[in-house]
There are 2 protein chains.
Amino acid sequence: MSVTLADVAARAGVSAATVSRVLNGNYPVAGATRHRVLRAVEELEYVVNGPASALAAATSDLVGVLVNDIADPFFGIMAGAVQSEIGPPAQTGGGARPVPLKLAIVCNTGGSSERELTYLTLLQRQRAAAVVLTGGAVEDSSHTAALATRLRRLEAAGSRVVLCGRPPLAAGEEGPHPLTVTFDNRGGARRLTEHLLSLGHRRLGYLAGPANRTTTRHRLEGHRVAMAAAGLADDAERLTVHGAYDRASGYDGALELLRREPGLTAILAANDTVALGVCAALRDQGLSIPGDVSVTGFDDLPFAVDAMPALTTVRLPLTEAGARAGRLALGREDAPPGGVATFRGDLMVRDSTAPPRTSGGA
Amino acid sequence: MSVTLADVAARAGVSAATVSRVLNGNYPVAGATRHRVLRAVEELEYVVNGPASALAAATSDLVGVLVNDIADPFFGIMAGAVQSEIGPPAQTGGGARPVPLKLAIVCNTGGSSERELTYLTLLQRQRAAAVVLTGGAVEDSSHTAALATRLRRLEAAGSRVVLCGRPPLAAGEEGPHPLTVTFDNRGGARRLTEHLLSLGHRRLGYLAGPANRTTTRHRLEGHRVAMAAAGLADDAERLTVHGAYDRASGYDGALELLRREPGLTAILAANDTVALGVCAALRDQGLSIPGDVSVTGFDDLPFAVDAMPALTTVRLPLTEAGARAGRLALGREDAPPGGVATFRGDLMVRDSTAPPRTSGGA
DNA sequence: CTGTTAGCGCCTTCAT
DNA sequence: ATGAAGGCGCTAACAG
């Protein structure tokens, strides 16, 4: 049906083996021969059959990237960064291709642990060269175990596994744990809370993400550490509301927080998107930001600086992390010490936070 | 090295063919036999070798999705929608899998026509079941021709090609043109301009995208049609600045427009992201929105409603379009009449537009 | 309903 | 430097 290696070989008057060698460039071939082969390839418009070569060589040029939701810039940015490291170079690619280009298979798990496992199996079936898991992990012992098993199998099957933006796997019994690129969510949340505290706030509400996620837990822990240090442990407990990582949760959560504590002067949102919802709710309540209530986000997605008002948040180096993960996935960079690279998040103080209004008025 | 079909067959005491039939479920197999096979699969932790079956069956479960930049929500949303149609169902997937799950290979072209061609070849090499090209096309006759050739080859090789968010291919000589899902960019831009005109604006500046893109051209054309109808054709010409589809271009472009026409009362941006840049520039100039200058975006990305102030823009049904493209790619939906489905964009009037300030003051 | 027999298209020793 | 030959793991006719 379509053109094969054999056709090219015939046209060039050489053996299939020679054509293969020319195409893969991993073996000496006479200049003249190579030229004839290349010409035949052109003339026949030959395109290698990926599956066939993957089967024969037992290698693949596919890299899986698991994300919660590719429509969310948080994941889009990381996925894009991974991709930029494994795909064709950004600069006008010259002739030589030092590293064979890999293609990224992006899998939307939608935060479902079930689908995460399904995709992992699907990727193993493709014999993916590597798999990058981004985003926070679901904390559920049975899922954690199932996940660890799948990852072990993937590695056993020859795929490199890299975690990006999620904590390292709990130390299992055996084998090398997957390389990990992670964020210091705890520290970021702590610094954010300390910033608010130092501004004079004492009534702070926290809008956490879904309860069983590592990211959620770490950020919440960071917040509580700072609150406890200020002697506000009880309030931290009372003024925490869980929701999803979306705008609607921010809106609803802010109202709930206000209900619990009308005297609130600051709200820390689980992330920037949630913070946007908080701002909307506050505005709808006729409250000004940061006049009446200060608001903070997390992640520093591109839109954070253009929000109303510009969001005080923690900047996570998503691009660097994704790129790093991509390089680790291809084995193009040495593993960090301990197999874990941690990126810290920088506090970005902008217009959505200010000292609480003094009760006196001015 | 790893477990194969033969191993499973041996363990279950049947032939490899039977195992294959059980796994693919496309052929009658006795209940008892099927059960033994499935058990063997479990015990051996067998996972099909994708490349091998792709080779033997001459089919693949990979679908390519070309995007300019997956970190941009505009593309992220479409890619996610495509993916949701070809991958595992969002609902808790039951046991039976009516349609075999496909995996999405996301390719970032970065707007480079060269990389677009490279990826198309790479996808042909994977024998992708389908390829979805999103985003505006580069308008360059040599590239258009090269692209048409690549697409023809892909289709000849059995891949279904679907264009999503870009105009249908110019009618070539032969063969069926790729199915297309497109947006009415012209109409959207026209309505946006008419909205501003009806508000009383007469000095409008237009910040266009990169010059050689179909999306850019169509939006610009829609704008000019409306301007011409209002007898402002010359101004439309004079007050158009081209830039990239990013925030920085919006910032710089707004300043340039102000330089050309200090009396400007409205700026139409190529898209929402550009509009954010425009707003930032205006604020930095001490101008209020919409008091001094009205601003409009395009696309209605999620952040548009939370911008400062909420952006008047045109809503593009990105999710519907992507989903439709995904279904067309799998042949799960009949082709629209003429092979082209056009989605119109709805005008979303929000707070960033208002009548121009009357010269008198109030 | 199940086993047998050929390949699918390519890579890779082993010779030459 | 090049050719010949076997096999990668699976599917798809054919028989039975």
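Residues numbered from 1 in each chain as written. Chains lettered and ligands numbered in written order. Predicted model: local features only at pLDDT ≥ 70, side-chain atom pairs only at ≥ 80, totals over all residues. Heavy atoms only, no water.

1. As for the side chain of Thr240(A)
All names here are of chain A. Take Thr240: it is sitting in strand β7 (residues 240-242). Side-chain polar atoms of Thr240 contact the backbone oxygen of Ala236, separated by 2.5 Å. When residues no more than four places from it in sequence are discounted, the contact partners of Thr240 are Tyr206, Ala208, Leu220, Arg224 and Arg260. (Helix = DSSP H or I, 4+ residues; strand = E, 2+ residues; numbered from the N terminus. Polar contact = N/O pair within 3.5 Å; in protein donor to acceptor, adjacent residues only side chain to side chain. Contact = heavy atoms within 4.5 Å.)

2. Topic: the UniProt feature "domain: HTH lacI-type" (unreviewed entry) in chain A
Within this numbering scheme, the UniProt entry marks residues 3-57 of chain A as carrying the feature "domain: HTH lacI-type" (unreviewed entry). Helix makes up 71% of residues 3-57 of chain A and strand 0%, whereas the separation of the span's terminal C-alpha atoms amounts to 20 Å. (UniProt positions renumbered as here; feature names shortened; annotations may be inferred.)

3. A short note on the pairing of strand β8 (residues 266-269) of chain A
All names here are of chain A. Where burial is concerned, the two faces of β8 agree: the one with Ala266 and Leu268 and the one with Ile267 and Ala269 are both buried. As paired strands, strand β6 (residues 204-208) and β8 are joined by four bridges and run parallel to one another. Across the sheet, Gly205 pairs through a bridge with Ile267, a residue of β8. (Buried < 20%, exposed > 50% of the residue type's maximum accessible area, 1.4 Å probe, protein only. Pairing = 2+ DSSP bridges.)

4. Side note on the environment of Arg190(B)
Residue and element names in this part refer to chain B. With respect to the helices, strands and loops of the structure, Arg190 is situated in helix α8 (residues 185-199). Of the residues examined, Arg190 reaches a relative accessible area of 28% and is grouped as partly exposed. The sequence separation of Arg190 and Arg238 amounts to 48 residues, and the corresponding C-alpha distance is 18 Å. Residue contacts for Arg190: discarding those within four places in its chain leaves Gly222, His223, Val225 and Ala226.

5. Some points on α8(B)
All names here are of chain B. Over its 15 residues, α8 extends 21 Å from the first C-alpha to the last, a length consistent with the 21 Å expected when each residue adds 1.5 Å. Turning to α8, its buried residues are Asn185, Gly187, Gly188, Ala189, Arg191, Leu192, Thr193, His195, Leu196 and Leu197. Within two residues after α8, Gly200 carries a phi angle of roughly 110 degrees, on the positive side. (Expected span 1.5 Å × (residues − 1).)

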